[in-house]
Amino acid sequence: MSDQTLASSEQPIPLCVPDVSGNEWQYVKDCLDTAWVSSVGAYVDRFEQMLAERVGSRHAVATVNGTSALHTALLIAGVEPDDEVLVSALSFIAPANAIRYAGAWPVFIDAEENFWQMDPQCVTDFLERQCESVAGALYNRQTRRRVRAIIPVHILGHPVDLAPILALAKRFDLVVIEDATEGLGANYAGQPLGSIGDIGCYSFNGNKMITTGGGGMLVTNREDWADRARYLTTQAKDDPVEYIHGAVGFNYRLTNIQAAMGCAQLEQLDRYLQLKKGIAADYSIKLAAIPGAMAMPEPGYGTSAWWLYTMLVDADTFGMDRKNLMQKLSTQNIQTRPLWQPLHKSPAYPGSQFVGEGVAEKLNDRALSLPCSVGLQKEQLKTVVGAIAACCNS
Ligand SMILES: *Cc1c(COP(=O)(O)O)cnc(C)c1O
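Please read all numbers here as calculations on a predicted model, not as lab measurements.

What counts, and where the lines are drawn
Residues numbered from 1 in each chain as written. Predicted model: local features only at pLDDT ≥ 70, side-chain atom pairs only at ≥ 80, totals over all residues. Heavy atoms only, no water. Phe/Tyr/Trp six-rings, centres within 6.5 Å; stacked < 30°, edge-to-face > 60°. Helix = DSSP H or I, 4+ residues; strand = E, 2+ residues; numbered from the N terminus. Buried < 20%, exposed > 50% of the residue type's maximum accessible area, 1.4 Å probe, protein only. Lys NZ or Arg CZ within 6 Å of the ring centre and 35° of its normal. Pairing = 2+ DSSP bridges. Axes fitted to C-alpha atoms, helices over the stretch in contact; angles between N-to-C directions. Near = heavy atom within 4 Å. Polar contact = N/O pair within 3.5 Å; in protein donor to acceptor, adjacent residues only side chain to side chain. Areas by Shrake-Rupley, 256 points an atom, 1.4 Å probe, with all protein chains shown as cover. Nonpolar A, V, L, I, M, F, W, Y, C, P; charged D, E, K, R; others polar. Domains from an automatic or database assignment. Buried area = accessible area lost by both parts, 1.4 Å probe. Contact = heavy atoms within 4.5 Å. Core = buried A, V, L, I, M, F, W, Y, C linked by side-chain atoms within 4.5 Å.

1. Describing the packing of aromatic side chains
Then step 1. One pass over the structure, following the stated rule, counts 8 aromatic pairs.
Then step 2. Where Phe-115 meets Tyr-301, the ring centres are 5.6 Å apart and the plane angle is 90 degrees; that geometry is what we call edge-to-face. Here Tyr-301 lies in the loop between strand E14 (293-294) and strand E15 (310-313) and Phe-115 lies in the loop between strand E3 (105-109) and helix H6 (120-129), a separation of 186 residues in the sequence.
Then step 3. Relative to Tyr-309, the ring of Tyr-283 has its centre 4.9 Å away and its plane inclined at 20 degrees; by these criteria the two rings are stacked. Here Tyr-283, found in helix H10 (residues 269-287), pairs with Tyr-309, found in the loop between E14 and E15; they are 26 residues apart in sequence, far enough to count as distant. Note on accessibility: Tyr-283 and Tyr-309 belong to one class, buried.
Then step 4. Cluster of aromatic residues (ring-pair linked, three or more members): Phe-115, Tyr-188 and Tyr-301.
Then step 5. It is Arg-46 that lies over the ring of Tyr-27; its NZ or CZ is 4.8 Å from the centre.
Then step 6. Sitting above the plane of the Phe-92 ring, Lys-208 keeps its charged end 5.5 Å from the centroid.

As structure tokens, this is what we get:
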């Protein structure tokens, strides 16, 4: 029997699909019943309040998606065209794109080997050795551009080691914008991700910790920045009656229907976190028995949201590389995915600046994210691990 016939007799195991089993129907129906469907409505305010409370930030502004939240965050932080912003090299591309939308340029920071997050040592090296202060502003010596902000991206659910990055930001007067999309619900030193830097951003796309179909949010403790974000995301209206606009704004507001779904999803976040943690623990125990399959390490300095459980494949010991393992699993209807191409290698960012030693690339060669929907059954997890074990030195 070929792999192909095996596959067709089994239920596919998806990578990460949403769970819509709470009050989503009820709240969305409420929007439709009352015809409050668009970007004004009680659910938008409620969703913002719920998330602000959940992460312990004073203000929250909902946006159409996570990318627009990041773009808005950069604008309210005062990032201007031709400024530079440090961002994780090993990340989904959205934060880098948001930097370009603001007219600024990304400087890509390598990952550290232990937990695969932005390496604080590389941030230190860049700021201390490759930059200089002139008249109170920090300039990149090589490009002569002003350095304004840092976007640590908490990837896969794990926290970035923020303390050294926050200390550097303070020393060099840089704004810290956390991209906390994948770490919604996780903590760093007891504090919720997204509420620790100056601004935190989240995405609620289909496969994130919670989903609104598409949506995003930014949080901050600064009232003036929150006001500015609200203004910019609603076309910068100075006088809504006479249609006077004080700036070139954006139509970035989330709709009431999506916010209604967000409220219902956020009610479930603790349950999701618990289920994800259980799945991760189960994988880590089972993978430990397979030579060359390295379980996802857990940082001691915080908690993880375990958004995408990811293993490393050591091709020599395992007897197969990550690409081939992925292919084998796919023929058995098991959906997995690699990490993102490191952004300094992306055709979208030719000639970009990179600070590091190539850890992101090494991780990209070896990492494979495994099925980890909150609804993943124990039997399905066993099937996945069994399929991986069968590939080991096969
Ligand atoms: C998904 C994601 C985004 C982008 O969010 P969208 O809602 O798709 O615009 C940004 N940052 C990270 C880390 C993400 O995982």
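More follows now that the structure is in view.
2. Overview of unusual backbone geometry
Then step 1. Unusually for a residue other than glycine, Asp-82 sits at a positive phi of about 75 degrees.
Then step 2. Following the sequence through the fold, Asp-82 ends up in the loop between helix H4 (66-76) and strand E2 (84-88).
Then step 3. Notably, Asn-393 is not glycine yet its phi reads approximately 50 degrees, a positive angle.
Then step 4. In this structure, Asn-393 sits in the segment after helix H14 (378-391).

3. A short note on the sheet that holds E2
Paired through their backbone hydrogen bonds, the strands of a sheet run either parallel or antiparallel.
Then step 1. Overall, mixed pairing links the 8 strands, which are arranged E1-E11-E10-E7-E6-E2-E3-E17 in an open sheet. Pairing within the sheet leaves two strands with one partner each, and these edge strands are strand E1 (59-63) and strand E17 (353-355). Taking each pair of neighbouring strands and ignoring which way they run, the sheet shows an average axis angle of 25 degrees.
Then step 2. Where E1 lies against strand E11 (residues 216-220), 5 bridges are found, and the strand directions are antiparallel. Note on E11: the bridge partner recorded for Thr-63 is Gly-216.

4. As for the site of the ligand
Then step 1. Within the structure, the ligand sits among 13 residues, and Thr-67, Asp-179, Glu-182, Ser-203 and Lys-208 are positioned closest to it.
Then step 2. A distance of 2.7 Å separates an oxygen atom of the ligand from a polar atom in the side chain of Ser-203.
Then step 3. Protein coverage of the free-state accessible area of the ligand, which is 390 Å², stands at 93%.
Then step 4. Looking at the shell around the ligand residue by residue, the classes come out as 3 nonpolar, 7 polar and 3 charged.

5. Comments concerning the domain arrangement of the protein chain
Frequently, the measure chosen for interface size is the accessible area removed from exposure when the parts meet.
Then step 1. Splitting the protein chain by domain gives domain 1 (24-266) and domain 2 (269-391).
Then step 2. Computed over C-alpha atoms, the centres of domain 1 and domain 2 are 26 Å apart.
Then step 3. For the domain 1 and domain 2 pair, buried surface summed over both sides reaches about 3900 Å², with 65% attributable to carbon and sulfur atoms.
Then step 4. When the buried surface of domain 1 facing domain 2 is broken down by residue, Phe-108, Trp-116 and Leu-156 rank first, second and third, together holding 21% of it.
Then step 5. For the pair domain 1 and domain 2, the interface holds 27 residue pairs in polar contact (both at pLDDT 80 or more).
Then step 6. Going through the elements one at a time, E2, helix H5 (94-101), E3, H6, strand E8 (187-188) and helix H9 (256-267) are the ones with two or more residues in the side of domain 1 that touches domain 2.
Then step 7. Top contributing element to the side of domain 1 that touches domain 2 by residue count: E3, with 4 residues.
Then step 8. Tallied by class, the residues present in the side of domain 1 that touches domain 2 amount to 25 nonpolar, 16 polar and 10 charged.

6. Brief notes about the sheet that holds strand E18 (residues 367-369)
Then step 1. One open sheet accounts for 4 strands, arranged E14-E15-E18-E16; its pairing is antiparallel. Strands with a single pairing partner mark the edges of an open sheet, and in this sheet they are E14 and strand E16 (337-338).
Then step 2. Sheet topology note: the E15/E18 ladder contains 3 bridges and is antiparallel. Bridge pairing links Leu-312 to Ala-367 in E18.
Then step 3. Against the sheet, helix H13 (residues 359-366) makes contact with E15 and E18, and its axis sits at roughly 55 degrees relative to E18, the strand it touches most.

7. A short note on the side chain of Thr-63
Then step 1. Note on placement: Thr-63 falls in strand E1.
Then step 2. At 2.9 Å, the side chain of Thr-63 and the backbone oxygen of Asn-65 are in polar contact.

8. Notes on the nonpolar core
For soluble globular proteins, nonpolar side chains are generally found buried alongside one another.
Then step 1. The biggest cluster of nonpolar side chains holds 134 residues, and the ones touching the most others in it are Leu-127, Ile-177, Tyr-283, Tyr-309, Phe-318, Leu-325 and Ile-388.
Then step 2. For this core, the element with the most residues is H10, which contributes 7 residues.
Then step 3. Non-local contacts of Ile-177, meaning those with residues more than four positions away in its chain, are made with Leu-70, Ala-73, Leu-74, Ala-77, Ile-150, Ile-151, Pro-152, Ile-199 and Cys-201.

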